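Below, each chain spelled out in residue letters.
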Amino acid sequence: MAMVRGAEGEGKAIVWLKMHGFDYLGYVALGADNDDAAIEKLIKLNQREWAGIALKIRSVKNKIEENNNDMHRISPR
């Protein structure tokens, strides 16, 4: 859950992940929140799978945000 909250921009979640030894998940959360430096760090740490997961999450998050902000779309709700 901390990774998800971190991906949504909650800084305390990132701190918690790193404090408890979940450094890779902290970078995934930052990368999912459009932080390119975090993606580069994962790649430098030879964690391409985690970098790929972060990019997939980023893609989905950004598409959802784009759809929510598009005034020409009709909400399915």
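Because the structure is a prediction, the values reported are computed rather than measured.

Calculation criteria
Residues numbered from 1 in each chain as written. Predicted model: local features only at pLDDT ≥ 70, side-chain atom pairs only at ≥ 80, totals over all residues. Heavy atoms only, no water. Helix = DSSP H or I, 4+ residues; strand = E, 2+ residues; numbered from the N terminus. Buried < 20%, exposed > 50% of the residue type's maximum accessible area, 1.4 Å probe, protein only. Contact = heavy atoms within 4.5 Å. Salt bridge = Lys/Arg side-chain N within 4 Å of Asp/Glu carboxyl O.

*Asks:* Honestly, the environment of Ile57 in this entry has me stumped. Any pointers?
*Replies:* Note that Ile57 resides in helix H5 (residues 48-69). Look at Ile57 and you get partly exposed, because its relative accessible area is 24%. Note: C-alpha distance between Ile57 and Ala7 (50 residues apart in sequence) is 8.4 Å. Beyond its immediate sequence surroundings of up to four residues, Ile57 is in contact with Met3, Val28 and Ala32.

*Asks:* Any chance you could explain the pattern of salt bridges here in plain terms?
*Replies:* Where side chains of opposite charge bring their charged atoms close, a pairing between them can arise. Following the criterion strictly, the structure yields 3 salt bridges and no others. The partner of Asp33 in a salt bridge is Lys61, and the shortest N-O contact between them spans 3.3 Å. Here the residue Asp33 occupies a position in the loop between helix H3 (23-32) and helix H4 (36-44), and Lys61 occupies one in helix H5, the gap between them amounting to 28 residues. Owing to a relative accessible area of 32%, Asp33 belongs among the partly exposed residues under this scheme. For Lys61, a relative accessible area of 18% corresponds to the buried category. Measuring nitrogen to oxygen at the nearest pair gives 2.8 Å for the salt bridge that ties Asp36 to Arg58. Of this pair, Asp36 sits in helix H4 while Arg58 sits in helix H5, and the two are 22 residues apart along the sequence. Take Asp36: its relative accessible area is 45%, and that puts it in the partly exposed class. You can call Arg58 buried: its relative accessible area is 13%.

*Asks:* Even after reading the chapter, I still don't get the environment of Ala2, so can you show me in this structure?
*Replies:* The topology assignment puts Ala2 in helix H1 (residues 2-7). For the pair Ala2 and Val15, spaced 13 residues apart in the sequence, the C-alpha separation amounts to 9.4 Å. With residues up to four places along the chain from it excluded, the contact list for Ala2 reads Ala13, Trp16 and Leu17.

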